[in-house]
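Tertiary structure, described
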Amino acid sequence: MSKPVYVLGGPNLNLLGSREPEIYGKDTLADIHARLESLADGTALELRQTNHEGELVGWIQEASEQGSAIILNAAAYTHTSIALHDALKACKIPVIEVHLSNPAAREAFRQVNYVSPAVKATIAGLGAYGYELALMAAKTLTGK
Ligand code: DQA
């Protein structure tokens, strides 16, 4: 059995669909996950979301041992969490950062990013489509 791609989401992504749809789109997280499942084509996916920083750190550590790649939208923790940065630096598998919006084009407090310097690649500003691109990239990077 090949190792799964972990698709990890941070705080408030459980509210997608109703949360500022003009910025984040109308798709729910369940919609995005369902689309990834339909594109997985035999690649196992671990689809998870949490509102807790430590849980995200634990999942990154778990994926490093048990997964083949991580697709990570750390949401607001992107801009605050040195704990996440350190977990990503220690991670042994490729990590692709995804954001629905383009934080670089938004408020000043979103210009700090602790995730980008610790990951393989970043996809931002393409809405839910960014997740599909990230899955394609994860498959290519892991030879699937
Ligand atoms: C986000 C961008 C972050 O700045 C924000 O805190 C989020 C969502 C995005 O997907 O565009 O919660 O990660």
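What comes next is a walk through the structure. Everything numeric in this text was worked out from a predicted model, so none of it was measured.

With that out of the way, let us pick up the overall build of the chain. Within the chain one finds five helices and five strands. Relative to the compact-globule value of 15 Å for 144 residues, the chain shows a C-alpha radius of gyration of 14 Å, a close match. Each principal axis of the C-alpha atoms in the chain carries an extent, and together these give about 40 × 30 × 25 Å. Here the chain holds 144 residues, and the buried ones make up 47% of them. Within the chain, counting contacts between residues at least 6 apart in sequence, those at least 24 apart form 76% of the total. By element, 53% of the accessible surface of the chain is carried by carbon and sulfur atoms, the whole surface being about 6,900 Å². The distance from the centre of the 12 positive side-chain charges to the centre of the 15 negative ones in the chain is 5 Å.

This next bit is on the site of the ligand. Contacts to the ligand come from Arg19, Tyr24, Asn73, Ala75, Ala76, His79, His99, Leu100, Ser101 and Arg110. In the model, an oxygen atom of the ligand is placed 2.7 Å from a nitrogen or oxygen of the histidine 79 side chain. Along the lines of polarity and charge, the residues of the shell around the ligand split into four nonpolar, four polar and two charged.

A separate point is the pattern of salt bridges. All told, the structure shown has seven salt bridges when counted by the stated rule. Measuring nitrogen to oxygen at the nearest pair gives 3.0 Å for the salt bridge that ties glutamate 46 to arginine 48. Assessed through its relative accessible area of 27%, glutamate 46 is described here as partly exposed. The class for arginine 48 is buried, based on a relative accessible area of 18%.

This part is about the pairing of strand β4 (residues 95–99). Within β4, five of the five residues are buried, leaving the element largely enclosed by the surrounding structure. Neither face of β4 is exposed, since Val95, Glu97 and His99 on one face and Ile96 and Val98 on the opposite face are all buried. Inspection of the sheet shows strand β3 (residues 69–73) paired to β4 by three bridges, in the parallel sense. Bridge pairing in β4 links isoleucine 70 to valine 95.

Turning to the environment of leucine 15, a few remarks are in order. Along the chain, leucine 15 falls in the loop between β1 (5–9) and α1 (21–24). Placed 14 residues apart in sequence, leucine 15 and leucine 29 show a C-alpha to C-alpha distance of 7.7 Å.

We now examine the packing of helix α2 (residues 29–39) against helix α5 (residues 129–141). It is at 10 Å that the axes of α2 and α5 come closest, and there the two elements cross at 35 degrees. As α2 runs across α5, the sense of the crossing is right-handed. In contact with Ile32, Arg35, Leu36 and Leu39 of α2, α5 contributes Tyr131, Glu132, Leu135 and Lys139. In terms of residue class, the contact of α2 with α5 is made up of five nonpolar, no polar and three charged.

About the criteria used
Residues numbered from 1 in each chain as written. Predicted model: local features only at pLDDT ≥ 70, side-chain atom pairs only at ≥ 80, totals over all residues. Heavy atoms only, no water. Helix = DSSP H or I, 4+ residues; strand = E, 2+ residues; numbered from the N terminus. Rg over C-alpha atoms; globule rule 2.2 N^0.38 Å. Buried < 20%, exposed > 50% of the residue type's maximum accessible area, 1.4 Å probe, protein only. Contact = heavy atoms within 4.5 Å. Areas by Shrake-Rupley, 256 points an atom, 1.4 Å probe, with all protein chains shown as cover. Lys, Arg positive; Asp, Glu negative; His and termini not counted. Charge placed at Lys NZ, Arg CZ, Asp CG, Glu CD. Near = heavy atom within 4 Å. Polar contact = N/O pair within 3.5 Å; in protein donor to acceptor, adjacent residues only side chain to side chain. Nonpolar A, V, L, I, M, F, W, Y, C, P; charged D, E, K, R; others polar. Salt bridge = Lys/Arg side-chain N within 4 Å of Asp/Glu carboxyl O. Pairing = 2+ DSSP bridges. Axes fitted to C-alpha atoms, helices over the stretch in contact; angles between N-to-C directions. Left-handed = near helix turned anticlockwise from the far one by under 90°.

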